Amino acid sequence: MPEWMEVPPTAGLPLFWRDFIGRAASVPLEEFLARWLGVPWVRLECSGTSALVIALTTLARISTRRKVILPGYTCPLVALAVLHCGLVPVVCDVAPGTFDYCPATLNRLCDRDTLAVIATHLGGRVADLATISAVTQRQGAFVIEDAAQSLGAQWKGQRAGTVGDIGFFSLAAGKGLTLYEGGVLVARDPEVRRALQATSERIAPYRLLWELRRSFELIAYGISYRPSLLRLVYGMPLRSALRKGRLVAAVGDEFSAAIPIHRVGAFRRAVGARAAVRLPAFIEDLSIQADPRKKMLESIEGITVIGDPEGSQGTWPFFMVLMPSARARDLALDRLWRAGLGVTRLFIHALPDYQYLSRQLGDCEVNNARDFAARMLTISNSSWLRERDFERICAELTGVLRDSGQH
Ligand SMILES: Cc1ncc(COP(=O)(O)O)c(C=O)c1O
């Protein structure tokens, strides 16, 4: 990769100029997504977080239960959304070496005051929905699928996100399909759908200034989402944050408690509708590219590439790679984080270790989530990452394992 270029950390669908000013798409965005996801109804929201707020606000009106269970390793915005709704976040540790719940801990934490369990499909990978549903069914809790990072993934032939009671997807910058910020809500039960729609109409009004800002950001994103400009808009701020040792800022985990909630306007809907037509083939191409690269990574003794449970088929925006120790992971990042090759970290901490969440979440037992955060790195599956760049990453990882005596 030439010095002045940069691969994005996750493979997002590039936008074309004709997405902004071309002829209107034949199918509106919501209708396209509903058909593709195989559901009768989807609702567009201004972010994945706002979709979750609408889901939780709706459920909190239906039920008097107050606890929401979320995994120890996930996006901090999920915890902020629960707190925003005045509900009680209960952090459940993950099983060793994964982002998925530890079944025994989930079983212990889920009780008659549990409103919902968040089932998280992280980085294109699919969560173990069978275990989660068995636990929630016993206690009468709702399942909310967080498919923010996994639009298009499949669980037993059904789209991830459409299996639980409610599901949401993110259309944020860098995601498969983006409106710069956007979210999609789905729900299985018609009554719940009507209630979600009513909540959305009540708490998500049209706000001109937000829409102007997001439209401008989307245009800037469309222009700059290419290797020649990503150095400037992504790589330079990343390196600057790393130089200052500000890891949370480096990966974009610095979130505020204020969650913007508003309607998505016609311009961004139209851009999304034109681009969405290319999404199914884009996801398929990434999956074809991922297959040999995953095998190449798996051939490196000592590392694990996170995969999917039996019968599911995730998407491949990036690879989640688990190193044998925190030391080996940090050594690998010393060599690769600044190289412009799309190697980075996902969430820096386990949830309770974010300073802005620690007070509200209190002391939770999340040793496995901490271990996952300490040993995991991600490698982009962008098609801009050429074969020889990928081979270089594999060679560096092999070298790290040799130098740290862990292969
Ligand atoms: C797992 C997960 N859940 C929820 C969200 C929130 O989505 P958004 O950024 O669209 O608000 C994100 C954001 O990346 C996420 O990664």
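Scroll up to find the structure.
Note that the structure is predicted; figures quoted are calculated from it, not measured.

Calculation rules
Residue numbers here run from 1 along each chain, matching the order of that chain's written sequence. Totals for whole chains, interfaces and linings use all residues, but because this is a predicted model, local features are given only for residues with pLDDT of at least 70 and pairs of side-chain atoms are given and counted only at 80 or more. Near residues are defined by distance alone, with the backbone-placed C-beta atom required to lie within 6 Å of the molecule or strand. Each helix is a run of H or I in the DSSP string that is no shorter than four residues. Each strand is a run of E no shorter than two, and both are numbered from the N terminus. Any residue that is not Ala, Val, Leu, Ile, Met, Phe, Trp, Tyr, Cys, Pro, Asp, Glu, Lys or Arg is counted as polar, Gly included; the first ten are nonpolar and the last four charged. We define the nonpolar core as any set of buried residues of the types Ala, Val, Leu, Ile, Met, Phe, Trp, Tyr and Cys, connected via C-beta atoms lying within 7 Å of each other. Whether a residue is buried, exposed or partly exposed follows from its count of other C-beta atoms within 10 Å of its own C-beta, namely 20 or more, 12 or fewer, or something in between, respectively; the C-beta atoms are built from the backbone. Residues are scored as being in contact if the C-beta atoms we place from backbone atoms lie within 7 Å. Helix axes are fitted to C-alpha atoms over the stretch in contact, other axes to C-alpha atoms as well, and angles between N-to-C directions run from 0 to 180 degrees. Crossing handedness is read from the near helix: turned anticlockwise from the far helix by less than a right angle, it gives a left-handed crossing, and turned clockwise, a right-handed one.

**Observations regarding the site of the ligand**
Turning to step 1, where the next piece is worked out: Every one of the 15 residues lining the ligand counts as a neighbour, but Gly48, Thr49, Cys75, Ala148 and Ser170 are closest to it.
Turning to step 2, where the next piece is worked out: Put simply, the parts of the chain that give the shell around the ligand at least two residues each are helix H3 (48-62) and helix H4 (76-84).
Turning to step 3, where the next piece is worked out: Its residues placed into classes, the shell around the ligand shows six nonpolar, eight polar and one charged.

**What about the nonpolar core?**
Turning to step 1, where the next piece is worked out: Counting 121 residues, the largest nonpolar core has Ala55, Ile69, Ala116, Val117, Val184 and Leu185 as its most contacted members.
Turning to step 2, where the next piece is worked out: Looking at this core element by element, the count peaks at seven residues for H3.
Turning to step 3, where the next piece is worked out: Apart from the residues lying within four places of it in its own chain, the contact partners of Leu185 are Val42, Arg43, Glu45, Ala51, Ile54, Ala55, Ile166, Phe168 and Leu196.

**A word on the packing of H3 against H4**
Turning to step 1, where the next piece is worked out: It is the contact of H3 with H4, at a shortest axis distance of 9 Å, that shows an interaxial angle of 35 degrees. Here the hand of the crossing between H3 and H4 comes out right-handed. The segment H3 lies against H4, with Thr49, Leu52, Val53 and Leu56 engaging Leu77, Val78, Ala81, Val82 and His84.
Turning to step 2, where the next piece is worked out: Taken together, the residues that form the contact of H3 with H4 break down as seven nonpolar, two polar and no charged.

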